[in-house]
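Each chain is listed here by its residues.
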Amino acid sequence: MSAARPSRGLASRIFSVDHKVIGIQYALTSLCFLFVGFSLMVVMRWQLAYPGEALPLGSLLGEDRAPAGVIAPEFYNQLAAMHGTIMVFLAVVPLLVGAFGNYLVPLMVGAPDMAFPRLNMASYWTYLAGGLVMLSGFLAPGGAAAAGWTSYPPLASIATMGQTLWLFGMLLIIISSLLGSLNIIVTIVQLRTEGLSFQRMPFFLWAQLVSAFLLLLAFPALQAASFLQLMDRLAGSSFFLPSGLVVGGEVLPQTGGGSPLLWQHLFWFLAHPEVYVLILPALGIVAEVITTHARAPFWRLRWAVGSTIGIGFFAFLVWAHHMFLTGMGTVISTFFQATTMIISIPSVIILSCLFMTLWGGRIRFPSSMLFALAFLPMFGIGGLTGLPLGLAAADLQLHDTYYVIGHFHYIVAPGTLFAVFAGIYHWFPKVTGRKLDERLGKMHFWPTLLLMNGVFFPMFIVGLAGVSRRLYDGGAGFAFAREVAPLNELMSLCAWGLGIAQVPFIFNLVLTLRRKKPEAAPANPWRATSLEWLAESPPQETNFPSAPVVVAGPYTYRADAVKAETELSAGEDPTEAADFTPQWSHVPVSEP
């Protein structure tokens, strides 16, 4: 594999095959999609907090979307469908796999680039095209997709043109994910530098490897399903349309005994492994941050790696716990209840390993560590609240209520996004050669932590009261929901405050990038052990001057190791010295 050629001009930078440039492109694009998805949620929260009241500047949306400034139910459905789609498929997964995976995997394995650089570039541009095609639905007649982020038929098969654009966009996103996941697998398996055995790989690489396999094996099911649904919409087929379906008082001409449940099986066969594509890379980021700032080895690393592989296996055996209400028999529902409980065990093992890593460590608390530590209980809440949903008897009451929204968002929002912020603060010096300001980082962390819980924890209360997540007025029209209706206003106020809480983060990024670049940025400011910290900050075109040689395992920290004062260089903090052995160190270290 040849290294990427030096960039010449703007076009060569935009269409670069350098994994670092592509990783930054993924990061910037997915953050923009994250902003769009958050903005849709802000509008939704107004309707839930103040149903029937005019949205400020709502008249700008047009009479078809917001008559007299009041959000129409049809437009609310579009907001809900596109918010979920954007956050899962266009924001969080591309951030974790496309941005962090692309930028860090070659550096961590000691390679000059991805295994297939041009395929990598194609993956990014296909992803961008898919996202833009999906968003163009808002400009189409009838508006954007409105059948939920799950696109359930028969509603999705008879919806407006926006649903067709959603399906075309999904096909492009799936192609992008397949190209990217194949690239990550080959890079980790084939391009590891000398001495970097599988036993010496950091947990981050294991998390990316298993996630890539999940994407590669699960996405084809949704790709096939999306193509079949397009056939139903455009070619007159009936893969997901039951016979005798009446729409607008007339029986649809397409007949053939199609099954809407077939779509659900194909969709959730992808969508549940997709949940672990959200979780595993986040756990990988948190592991790197916690071990670095606890100055302690990863406790029982092999247990965590084995648990990650176990999650990858069982992720394909639990999808139908989303379908308990479809009338499956007790035998098959018992099977999926059992596998759901089993897959929770490796997640608990990984969390326990991370908690035990803190024991006896000499913990420091930069912004990255605060976000990583907050991730642990947030992910724990998300996991524990999911257990009742894995039991058919409980799911009959909780399915499609706000309880489900609260559970899933604790995984994705205060869970996964906290890991993203931890990773940005941690690796920003490597990408740019500059550290983010710690005071602004803490101003970002504390309001975000409080407001995230203010948005999502009340959802459990609202859900247990029986309020359906499908109600565009938050249940204001039902007597049983009026007791918890004030919580909708509280959640909306916290959501809007959460947006304001991100201002210090944005301000921090802008100020740091505008600051005069230091003449000699430290390559390893956190005194971390993994291989990416051997490269310059930012890394040169080919990452390393020559192929590095790995002679040590990951996470060789010693919290109790301190140099004698006579050995310290001028100004060196004795509590920060001699407490780690980098993987590229030439000190002989036995195989872990």
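All values reported here derive from a predicted model rather than from experimental measurement.

Draft legend 1. Representation of the overall build of the chain within the structure. Helix and strand counts for the chain come out as 16 helices and 2 strands. Relative to the 2.2 N^0.38 estimate, which gives 25 Å for 592 residues, the radius of gyration of the chain is 25 Å and therefore close to what a compact globule would have. Dimensions of the chain, computed from C-alpha atoms along their principal axes, come out at roughly 85 × 55 × 50 Å. Scored against the burial criterion, the 592 residues of the chain give a buried share of 57%. Residue pairs in contact within the chain that sit at least 24 positions apart in sequence constitute 80% of those at least 6 positions apart. When the accessible area of the chain is evaluated, it comes to approximately 23,800 Å², of which 69% is carbon and sulfur surface. Of note, the chain has its 30 positive side-chain charges centred 8 Å away from the centre of its 30 negative side-chain charges.

Draft legend 2. Spatial organisation of the packing of aromatic side chains. Throughout the structure, instances matching the rule amount to 43 aromatic pairs. Residues Phe-203 and Phe-298 carry aromatic rings whose centres are separated by 5.4 Å and whose planes lie at 45° to one another, so their mutual orientation is tilted. A residue pair is termed long-range when its members are at least 10 positions apart, and Phe-203 in helix H7 (residues 203-234) and Phe-298 in the loop between helix H8 (260-294) and helix H9 (301-314) qualify at 95 residues. Across this residue pair, the class does not change: Phe-203 and Phe-298 are buried. Ring centres of Tyr-425 and Phe-505 lie 6.0 Å apart, and the angle between their planes is 55°; on these two criteria the pair is classed as tilted. Within this pair, whereas Tyr-425 is found in helix H13 (residues 402-432), its partner Phe-505 is found in helix H16 (residues 503-514), the two being separated by 80 residues in sequence. The exposure class assigned to Phe-505 is buried, which follows from its relative accessible area of 7%. Grouped by ring-pair contacts, the aromatic residues Phe-89, Trp-149, Phe-219, Phe-240, Trp-263, Phe-267, Trp-268 and Phe-408 constitute a single cluster. Directly above the aromatic system of Trp-299 lies the positively charged group of Arg-300, at a separation of 4.8 Å from the ring centroid.

Draft legend 3. Here's a closer look at helix H11 (residues 367-386). For H11, which comprises 20 residues, the first-to-last C-alpha distance of 29 Å matches the rise-based estimate of 28 Å (1.5 Å per residue) to within 8%. Across the 20 residues of H11, 15 count as buried, placing the element largely inside the fold.

Draft legend 4. Examining unusual backbone geometry more closely. Cis geometry is found at the peptide bond from Pro-153 to Pro-154, where omega equals 5°. By secondary structure assignment, the location of Pro-154 is in the loop between helix H4 (117-135) and helix H5 (155-158). That bond from Ser-537 to Pro-538 is cis: its omega, -5°, falls within 30 degrees of zero. With respect to the helices, strands and loops of the structure, Pro-538 is situated in the segment after H16.

Draft legend 5. Local environment of helix H10 (residues 330-358). Here H10 spans 43 Å end to end across 29 residues, near enough to the 42 Å set by a 1.5 Å rise per residue. Note on H10: the residue one or two positions beyond its end, Gly-360, has a positive phi of about 80°.

Draft legend 6. Local environment of the pattern of salt bridges. What the rule picks out here adds up to 8 salt bridges. Of the charged contacts in the structure, one is a salt bridge between Asp-400 and Arg-470, with a shortest N-O distance of 3.3 Å. Taken as a pair, Asp-400 in the loop between helix H12 (392-398) and H13 and Arg-470 in the loop between helix H14 (438-464) and helix H15 (485-501) lie far apart in primary sequence, 70 residues in all. Between Arg-439 and Asp-437 there is a salt bridge, with the nearest N and O atoms lying 3.5 Å from each other. The class of Arg-439 is exposed, set by a relative accessible area of 65%. Members of the salt-bridge network, linked through shared partners, are Arg-295, Arg-362, Arg-527 and Asp-579.

Draft legend 7. Main features of the confidence of the model for the chain. Averaged over every residue, the pLDDT of the chain is 91; residues scoring 70 or more account for 93%. Across residues 1-7 the pLDDT falls below 50, and counting only partners more than four positions away or on other chains, this stretch makes 15 contacts in the model. Note on residues 562-576: pLDDT under 50 across the span, and 13 contacts to partners over four residues away in sequence or across chains.

Draft legend 8. Up close: a nonpolar patch on the surface. Together, Leu-10, Ile-14 and Phe-15 make up an exposed nonpolar region whose accessible area comes to about 310 Å². Following the sequence through the fold, Phe-15 ends up in the loop between helix H1 (9-14) and helix H2 (19-49). By relative accessible area, Phe-15 is classed as partly exposed at 48%.

Draft legend 9. Highlighting the nonpolar core. Counting residues in each nonpolar core, the largest one holds 178 residues, and the members touching the most others are Met-82, Phe-203, Phe-204, Leu-222, Phe-298 and Phe-375. Per element, the largest residue contribution to this core is 23 residues, and it comes from helix H3 (residues 73-109). Excluding residues within four positions of it along the chain, Phe-203 makes contact with Leu-283, Gly-284, Ala-287, Glu-288, Phe-298, Leu-301, Ala-304, Val-305, Thr-308, Ile-350 and Tyr-555.

Draft legend 10. Molecular detail of the side chain of Gln-208. Relative to the elements of secondary structure, Gln-208 occurs in helix H7. Classification of Gln-208 by relative accessible area gives buried; the value is 1%. Aside from chain neighbours lying at most four places away, what touches Gln-208 is Leu-96, Val-97, Gly-101, Val-105, Ile-184, Ile-188 and Pro-281.

Draft legend 11. View of the packing of H13 against H16. Axis separation between H13 and H16 bottoms out at 13 Å; the angle between their running directions is 5°. Taken as axis vectors, H13 and H16 run roughly parallel relative to one another. Two secondary-structure elements touch here, H13 through Phe-421, Ile-424, Tyr-425, Phe-428 and Thr-432 and H16 through Phe-505, Asn-508, Leu-509, Thr-512 and Leu-513. For the contact of H13 with H16, the per-class residue count stands at 7 nonpolar, 3 polar and no charged.

Draft legend 12. Highlighting the packing of H3 against H7. The N-to-C vectors of H3 and H7 enclose an angle of 130°; their axes lie 10 Å apart at closest approach. With respect to H7, the axis of H3 lies oblique. As for how H3 packs across H7, the hand of that crossing is left-handed. Only Phe-204, Leu-205, Gln-208, Leu-215 and Phe-219 of H7 make contact with H3, whose side of the interface consists of Phe-89, Leu-96, Val-97, Phe-100, Gly-101, Leu-104, Val-105, Met-108 and Val-109.

Draft legend 13. Structural context of the side chain of Thr-401. Turning to its location among the elements, Thr-401 is positioned in the loop between H12 and H13. What makes Thr-401 buried here is its relative accessible area of 5%. Engagement of the side chain of Thr-401 in a polar contact is seen with the backbone oxygen of Leu-398, the distance being 2.7 Å. Not counting residues within four places of it along the chain, the set of residues in contact with Thr-401 comprises Gly-463, Gly-466, Val-467, Ser-468 and Arg-469.

Draft legend 14. View of the environment of Leu-389. Residue position: Leu-389 is located in the loop between H11 and H12. You can call Leu-389 buried: its relative accessible area is 9%. Sequence separation between Leu-389 and Lys-435 is 46 residues, and the spatial gap between their C-alpha atoms is 42 Å. With residues up to four places along the chain from it excluded, the contact list for Leu-389 reads His-321, Phe-324, Asp-395, Leu-398, Tyr-403, Val-404 and His-407.

Reading guide: rules and limits
Residues numbered from 1 in each chain as written. Predicted model: local features only at pLDDT ≥ 70, side-chain atom pairs only at ≥ 80, totals over all residues. Heavy atoms only, no water. Helix = DSSP H or I, 4+ residues; strand = E, 2+ residues; numbered from the N terminus. Rg over C-alpha atoms; globule rule 2.2 N^0.38 Å. Buried < 20%, exposed > 50% of the residue type's maximum accessible area, 1.4 Å probe, protein only. Contact = heavy atoms within 4.5 Å. Areas by Shrake-Rupley, 256 points an atom, 1.4 Å probe, with all protein chains shown as cover. Lys, Arg positive; Asp, Glu negative; His and termini not counted. Charge placed at Lys NZ, Arg CZ, Asp CG, Glu CD. Phe/Tyr/Trp six-rings, centres within 6.5 Å; stacked < 30°, edge-to-face > 60°. Lys NZ or Arg CZ within 6 Å of the ring centre and 35° of its normal. Expected span 1.5 Å × (residues − 1). Salt bridge = Lys/Arg side-chain N within 4 Å of Asp/Glu carboxyl O. pLDDT = per-residue confidence, 0-100. Patch = residues over 30% accessible without salt bridge, like charges linked within 9 Å, V, L, I, M, F, W, Y side chains within 5 Å. Core = buried A, V, L, I, M, F, W, Y, C linked by side-chain atoms within 4.5 Å. Axes fitted to C-alpha atoms, helices over the stretch in contact; angles between N-to-C directions. Parallel < 35°, antiparallel > 145°, perpendicular 65-115°, else oblique. Nonpolar A, V, L, I, M, F, W, Y, C, P; charged D, E, K, R; others polar. Left-handed = near helix turned anticlockwise from the far one by under 90°. Polar contact = N/O pair within 3.5 Å; in protein donor to acceptor, adjacent residues only side chain to side chain.

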